[in-house]
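Structural features, examined
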Amino acid sequence: MKSIHSLGLGALAAAVLTACSGGGDVATGPAIDLTTGRGTLVANPPVTLASMPTAADVSATFSASATGRNLLAIAGTPKCGINFHYMEYNTVGGKGEATNATGGIMVPKGTDAACTGARPVLLYSHGTTVEKGYNIASPANSEAALLAAMYAAQGFIVVTSNYAGYDASRLPYHPYLNAEQQSNDMVDALRAARKAFPNIGASDSGKLFLSGYSQGGHVAMATHRAMQTTYSSEFKVTAAGPMSGPYSLVKTFQTVYAGGVNAGATVFTPMILTSWQMAYGNMYTSTSDVYETPYASGIETLLPGALTFNQLFTTGKLPTKLFASGALVTGDPSLDALFAAGVGTPNLLKQSYRQAVLSNPQHPAWVAAAKNDLLGWTPTRPIAMCFGAQDPTVYGTNTADAAASFASKGASSLITVMNLEDAATVGPTLAGGFAAAKAAAAADPTLGATPAERVVGAYHGSLVPPFCNVAVRTFFQGVLASGL
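First, a word on scope: everything that follows refers to the structure included in this document. Owing to the predicted nature of the structure, the values given are computational and were not obtained by experimental measurement.

**Details of the overall build of the chain**
When helices and strands are counted, the chain shows 17 helices and eleven strands. Over its C-alpha atoms, taken along the principal directions, the chain stretches across nearly 60 × 50 × 50 Å. Across the 484 residues of the chain, 58% fall into the buried class. For the chain, restricting intrachain contacts to residue pairs at least 6 apart in sequence, the fraction spanning at least 24 positions comes to 78%. As presented, the chain carries roughly 17,200 Å² of accessible surface, and 57% of it is formed by carbon and sulfur atoms. For the chain, the separation between the mean place of its 26 positive charges and that of its 26 negative charges on side chains is 4 Å.

**Re the sheet that holds strand 7 (residues 157-161)**
Pairing is mixed in the open sheet, where nine strands are placed in the order 3-4-5-7-6-8-9-10-11. Looking at strand neighbours, the two that pair on one side only are strand 3 (47-52) and strand 11 (415-419), the edges of this open sheet. Averaged over all pairs of adjacent strands, the angle between their axes in this sheet comes to 20 degrees, without regard to strand direction. For strand 10 (residues 383-387) and strand 11, the ladder comprises five bridges, and the chain directions are parallel.

**Considerations on the pairing of strand 5 (residues 98-109)**
By the criterion of burial, strand 5 is predominantly enclosed, with ten of the twelve residues buried. As paired elements, strand 4 (residues 81-92) and strand 5 share twelve bridges and run antiparallel to each other. Considered in strand 5, the bridge of F84 is made with M106. The hairpin turn running from strand 4 into strand 5, its antiparallel successor, is five residues long, and G96 in that turn takes a positive phi close to 80 degrees. Bridge count for strand 5 against strand 7 is four bridges, and the pairing is antiparallel. Paired with I105 across the two strands is V159, which belongs to strand 7.

**Examining unusual backbone geometry**
Looking along the chain, the bond that leaves N44 and enters P45 is cis, with omega of 5 degrees. When you line up the elements, P45 lands in the loop between strand 2 (43-44) and strand 3. Note the cis peptide between T345 and P346, where omega equals -5 degrees. Within the secondary structure, P346 sits in the loop between helix 11 (333-341) and helix 12 (351-358). Phi at Y163 is positive, roughly 80 degrees, even though this residue is not glycine. Locating Y163 in the fold gives a position in the loop between strand 7 and helix 5 (179-196). We classify Y163 as buried; its relative accessible area is 0%. Non-glycine residue S214 carries a positive phi angle of around 65 degrees. Along the chain, S214 turns up in the loop between strand 8 (204-213) and helix 6 (215-228). S214 sits in the buried class, given a relative accessible area of 0%.

**A word on helix 6**
Taking 1.5 Å as the rise per residue, helix 6 with 14 residues should run 20 Å; its terminal C-alpha atoms sit 20 Å apart, in good agreement. Summarising burial for helix 6: twelve of the 14 residues are buried, a large majority. Taken residue by residue, helix 6 has Q215, G216, G217, H218, V219, A220, M221, A222, T223, H224, A226 and M227 as its buried positions.

**A look at the packing of helix 16 (residues 428-442) against helix 17 (residues 451-482)**
Helix 17 packs onto helix 16 with a crossing angle of 150 degrees between their chain directions and a minimal axis gap of 9 Å. As far as their axial angle goes, helix 17 and helix 16 are roughly antiparallel. Crossing angle aside, the handedness with which helix 16 passes helix 17 is right-handed. Every residue of helix 17 that contacts helix 16 at L430, G433, F434, A437, K438, A441 and A442 is listed here: P451, R454, V455, A458, Y459, L463, V464, F467, V470 and A471.

**Observations regarding helix 7 (residues 249-257)**
All of the buried residues in helix 7 are L249, T252, F253, V256 and Y257. Projected onto a plane normal to the axis of helix 7, the buried residues spread over an arc of 120 degrees and lie on a single side. Each element contacted by the buried residues of helix 7 is listed here: helix 6, helix 8 (265-280), helix 12, helix 13 (364-372) and helix 14 (397-408). Of the residues flanking the end of helix 7, it is G259, one or two places downstream, whose phi is positive at about 115 degrees.

What counts and what doesn't
Residues numbered from 1 in each chain as written. Predicted model: local features only at pLDDT ≥ 70, side-chain atom pairs only at ≥ 80, totals over all residues. Heavy atoms only, no water. Helix = DSSP H or I, 4+ residues; strand = E, 2+ residues; numbered from the N terminus. Buried < 20%, exposed > 50% of the residue type's maximum accessible area, 1.4 Å probe, protein only. Contact = heavy atoms within 4.5 Å. Areas by Shrake-Rupley, 256 points an atom, 1.4 Å probe, with all protein chains shown as cover. Lys, Arg positive; Asp, Glu negative; His and termini not counted. Charge placed at Lys NZ, Arg CZ, Asp CG, Glu CD. Pairing = 2+ DSSP bridges. Axes fitted to C-alpha atoms, helices over the stretch in contact; angles between N-to-C directions. Expected span 1.5 Å × (residues − 1). Parallel < 35°, antiparallel > 145°, perpendicular 65-115°, else oblique. Left-handed = near helix turned anticlockwise from the far one by under 90°. Arc of directions from axis to C-beta.

By themselves, these are just geometric observations and shouldn't be taken as functional.
Dropping the structure here:
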């Protein structure tokens, strides 16, 4: 569920043209709305952070770095320029409490037919990040750069959220993998963005696409479900493309607590437990019930915070081991090694808490996992789910379980499963490119001690995202062309 943290596109900020006016009229400034209703856009028009007026500007910006050139090689030649806008809006927290969040709007610009007139809207949900200052509205953000190249430069209006608890949000925690809150957050981001559209040159065609990666895959699917049910009179989803998301949370919990520890588990576990504790109040009585002594104090405010993913470990704030003992034996050497890497000392979770969860099918952790699981509903619009079958962070069983659940509800004709390891599902070109990227990672000594370790470390956070986004974008373009 890790974010796309290693694409290396921070240099993008140096090449963009920063807007001077802040996006509003210089004399009067934006209209300010201080009401607290959900979906309120605080400043309209929202501030303009940067502008690349033409497709040539976008190409030049990305071509200035090796990573940018590599991304363009996957994403394709830009057709449009892009304006980047930053917005603040009102939403709710995990307990339904009023709060605020921030996000971004990318608007295609230019004379190409793909960039003019009414454009499709992509509502995109980002992956896990541990840094509270995360801002996906900024073109210096790696995931924002990916979205700019993949979607905005190809004619999609892109709407994103930083989520409640990040950036300038007042919420003192993040409702991580809280399906109800996170779908409400994305709904409110889109409501706010729509208020801004007339003032920032964005014309909505009425075609709404949902996507997101990792945590964002879960958020995108939860948002699709919410828009189809709770908000059906307000939103009409054209198609969705969640990627590598933890949709099957109950099974994921079963695997991890049995000893099948996924990569990054000591970060994800406290984010999940804190989120659900804040929402439901019954994950534990005290953090000392759950966490070993060196980590219990302050862990509820550690994530998100000021430290990077790596700094959490190098400063000793978190260990790399989740449990002290009891690795799950699978017979698969690659999984055995992965699972074993998450077991040992020093470890994060107390064995007593782990046993309390495993021995009680009615433990609040299972109840919360089931509440936020995304199986069992029936989509009525096309969904493409992209993933990599060897993902060590979000296991591929999540996608398989979701597809099987939808098929059991009679929706199999609407479901497309795209596995980057399988050319039959994504085509030989995309599968070949992904295989080449894996080989390059395996050969890069800066990524780890062994080829296997290098691929495991890069797989979820940097190898899969660009290729899955190409697959999903192609799927969306096909839906548009079909008129569905």
